[in-house]
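Residues per chain, in single letters:
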Amino acid sequence: MDLDAVRTVVTAADAGRFQDAAAELSITQQAVSKRIATLEKTLGVRLFTRTARGVKLTIDGQAFLPHARDLLRAEERAVASVRPGRRALRVDVIGRRLAPAALLHDFHREHPEIELDVVTLFDVDAAINAIRAGTIDASFRAVTMPGRQLPDDIGVARAFDEPVQLLTGPAHELAAARAVTPAELAGHRIWVPGIVPGTEWAAYYDALATAFALTIETTGPDFGTEPLLDTLADSRSLATFVGERTQLLWPADHDLRRIAVCGPTPVYPHSLLWQRDNPHPALATLRDHLSPERREPPAAETWTPSWA
């Protein structure tokens, strides 16, 4: 699709007159009309109708306009992605409600001058492939999984050990507890739907269950966070694990409880991965932001898998 024609459509839609669009684009009014006519022929629809005051988008034009704006924004990002010193730092955060997103948000507040492009990839394999291909600059992941060795060109540094909490409904047996030990969770049904075999989070929960003889159920379809919270709110037997910095919202009448787990505290080991020869200047700033000297002191006694 001719992006000059797309830009002309957007400019004409905003200006309301072909003459004003021509002036803004520094081309003739005839060129504006020709570009739009060619695009209309390509699409097989009319985008504008003429009025006494200028031009007005047709119904098809109104449907096309937001996508046209998206195309122009994509063009801007594509150009910026290869402009020296101007490309946004692209970072994978696994999920936008999870701790890595919160860490990156903290980084953005401290360094608002650094442009960020936040993405979410599925697993560590996808993240490593994207880093090596240059699609992203860095990824927050739990590594190394059992039997896995990172490629030599991938750098890794521990970024954050996130305490794991127990989440229950108000009728659960442990709902009134301020804290529980992993040993006290043995025999309770802990439901974590959506665990995919072979992923780093599957390896983490397998190790956690084995270490403390826990029953972690993964059965049933994963319908997302809200249905999980709805189920917990009405259950006397089900609980789940969440990270301390996982952002969750629920209706007030759910009255869910986030309960600390300690003695020891299971922590999820988030690390930052990047390609060692990546020259992006903001990558070094991000790594400095996550340096051990800036981290909060760990809990008195913690547990992580032996592979972390």
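Placed above this text is the structure.
Residues numbered from 1 in each chain as written. Predicted model: local features only at pLDDT ≥ 70, side-chain atom pairs only at ≥ 80, totals over all residues. Heavy atoms only, no water.

Secondary structure assignment for the protein yields 9 helices and 13 strands. Along the first, second and third principal axes, the C-alpha set of the protein runs to 80 × 50 × 35 Å. For the protein, the share of sequence-separated contacts (at least 6 apart) that also reach a separation of at least 24 residues comes to 74%. For the protein, the accessible surface area stands at approximately 16,500 Å², while carbon and sulfur atoms represent 51% of it. Between the mean site of the 33 positive side-chain charges and the mean site of the 40 negative ones, the protein shows a separation of 8 Å. (Helix = DSSP H or I, 4+ residues; strand = E, 2+ residues; numbered from the N terminus. Contact = heavy atoms within 4.5 Å. Areas by Shrake-Rupley, 256 points an atom, 1.4 Å probe, with all protein chains shown as cover. Lys, Arg positive; Asp, Glu negative; His and termini not counted. Charge placed at Lys NZ, Arg CZ, Asp CG, Glu CD.)

A separate point is the packing of helix α2 (residues 18-25) against helix α3 (residues 29-43). Close contact between α2 and α3 brings their axes to 8 Å; oriented N to C, the two are set at 105 degrees. Taken together, the axis directions place α2 and α3 in an arrangement best described as roughly perpendicular. In contact with Phe18, Gln19, Ala21, Ala22 and Leu25 of α2, α3 contributes Gln29, Val32, Ser33, Arg35 and Ile36. For the contact of α2 with α3, a count of residues per class yields 6 nonpolar, 3 polar and 1 charged. (Axes fitted to C-alpha atoms, helices over the stretch in contact; angles between N-to-C directions. Parallel < 35°, antiparallel > 145°, perpendicular 65-115°, else oblique. Nonpolar A, V, L, I, M, F, W, Y, C, P; charged D, E, K, R; others polar.)

With that settled, the discussion passes to the side chain of histidine 254. Position of histidine 254 among the secondary structure elements: in the loop between β10 (238-243) and β11 (257-261). A relative accessible area of 12% means that histidine 254 is categorised as buried. Excluding its chain neighbours within four sequence positions, the residues that come into contact with histidine 254 are Pro170, Leu229, Asp230 and Ala233. (Buried < 20%, exposed > 50% of the residue type's maximum accessible area, 1.4 Å probe, protein only.)

Another aspect to go through is the packing of aromatic side chains. How two aromatic rings sit relative to each other is set out by the distance from centre to centre and by the angle between their planes. Counted under the stated rule, the structure contains 7 aromatic pairs. Both rings, one in phenylalanine 212 and one in tryptophan 303, keep their centres 5.7 Å apart while their planes meet at 70 degrees; by these two values the pair is edge-to-face. Pair noted here: phenylalanine 212 is in helix α7 (residues 200-212) and tryptophan 303 is in strand β13 (residues 302-303), with a separation of 91 residues, a long-range link. Exposure class is identical for phenylalanine 212 and tryptophan 303. Each is buried. Among the aromatic residues, ring-to-ring pairing joins Tyr204, Tyr205, Phe212, Phe241, Tyr268 and Trp303 into one connected group. (Phe/Tyr/Trp six-rings, centres within 6.5 Å; stacked < 30°, edge-to-face > 60°.)

With that settled, consider the side chain of histidine 270. Considering the arrangement of structural elements, one finds histidine 270 in strand β12 (residues 265-275). Residue histidine 270 is classed as buried on the basis of its relative accessible area of 4%. Separated by 2.9 Å, the side chains of histidine 270 and glutamate 162 make a polar contact. In this view, histidine 270 contacts Ala99, Pro100, Arg141, Arg158, Ala159, Phe160 and Glu162; residues no more than four positions away in its chain are not counted. (Polar contact = N/O pair within 3.5 Å; in protein donor to acceptor, adjacent residues only side chain to side chain.)

Right, let's talk about a nonpolar patch on the surface for a bit. A contiguous nonpolar surface patch, about 260 Å² in accessible area, is contributed by Met1, Leu43 and Leu71. Secondary-structure assignment places methionine 1 in the segment before α1 (3-15). By relative accessible area, methionine 1 is classed as exposed at 59%. (Patch = residues over 30% accessible without salt bridge, like charges linked within 9 Å, V, L, I, M, F, W, Y side chains within 5 Å. Salt bridge = Lys/Arg side-chain N within 4 Å of Asp/Glu carboxyl O.)

This paragraph deals with unusual backbone geometry. The residue after glycine 263, namely proline 264, is reached through a cis peptide bond having omega 0 degrees. Position of proline 264 relative to the elements: it lies in the loop between β11 and β12. The phi torsion at alanine 213 lies on the positive side, around 55 degrees, for a residue other than glycine. Checked against the element boundaries, alanine 213 lands in the loop between α7 and β9 (215-217). Despite not being glycine, aspartate 255 shows a phi value in the positive range, around 50 degrees. Positionally, aspartate 255 belongs in the loop between β10 and β11. Judged by relative accessible area, which is 35%, aspartate 255 ranks as partly exposed.

A two-sided burial pattern is seen for strand β3 (residues 89-92), the buried positions comprising Leu89 and Val91 on one face and Arg90 and Asp92 on the other. Since β3 and strand β4 (residues 116-119) lie parallel, the crossover through helix α5 (residues 99-110) that links them has a hand, and here it is right-handed. As defined by bridge partners, β3 adjoins strand β5 (residues 138-141) across 2 bridges and the pair is classed as parallel. Paired with aspartate 92 across the two strands is serine 139, which belongs to β5. (Right-handed = clockwise from strand over helix to strand, strands pointing away. Pairing = 2+ DSSP bridges.)

What follows is about the packing of α1 against α3. At a closest axis distance of 9 Å, the pairing of α1 and α3 adopts a crossing angle of 110 degrees. On the basis of their axis angle, the class for α1 and α3 is roughly perpendicular. For the pair α1 and α3, the sense of crossing is left-handed. Residues Asp4, Ala5, Val6, Thr8, Val9 and Ala12 of α1 form the contact with α3, whose participating residues are Val32, Arg35, Ile36 and Leu39. (Left-handed = near helix turned anticlockwise from the far one by under 90°.)

Ranked by size, the top nonpolar core spans 26 residues in total, and within it Leu166, Leu214, Ile216 and Phe241 carry the most contacts. In terms of residues, this core owes the most to one element, α7, which gives 8 residues. The residues contacting leucine 166, other than those within four sequence positions of it, are Leu174, Val180, Leu185, Ala239, Thr240, Phe241, Arg257, Arg258, Ile259 and Val261. (Core = buried A, V, L, I, M, F, W, Y, C linked by side-chain atoms within 4.5 Å.)

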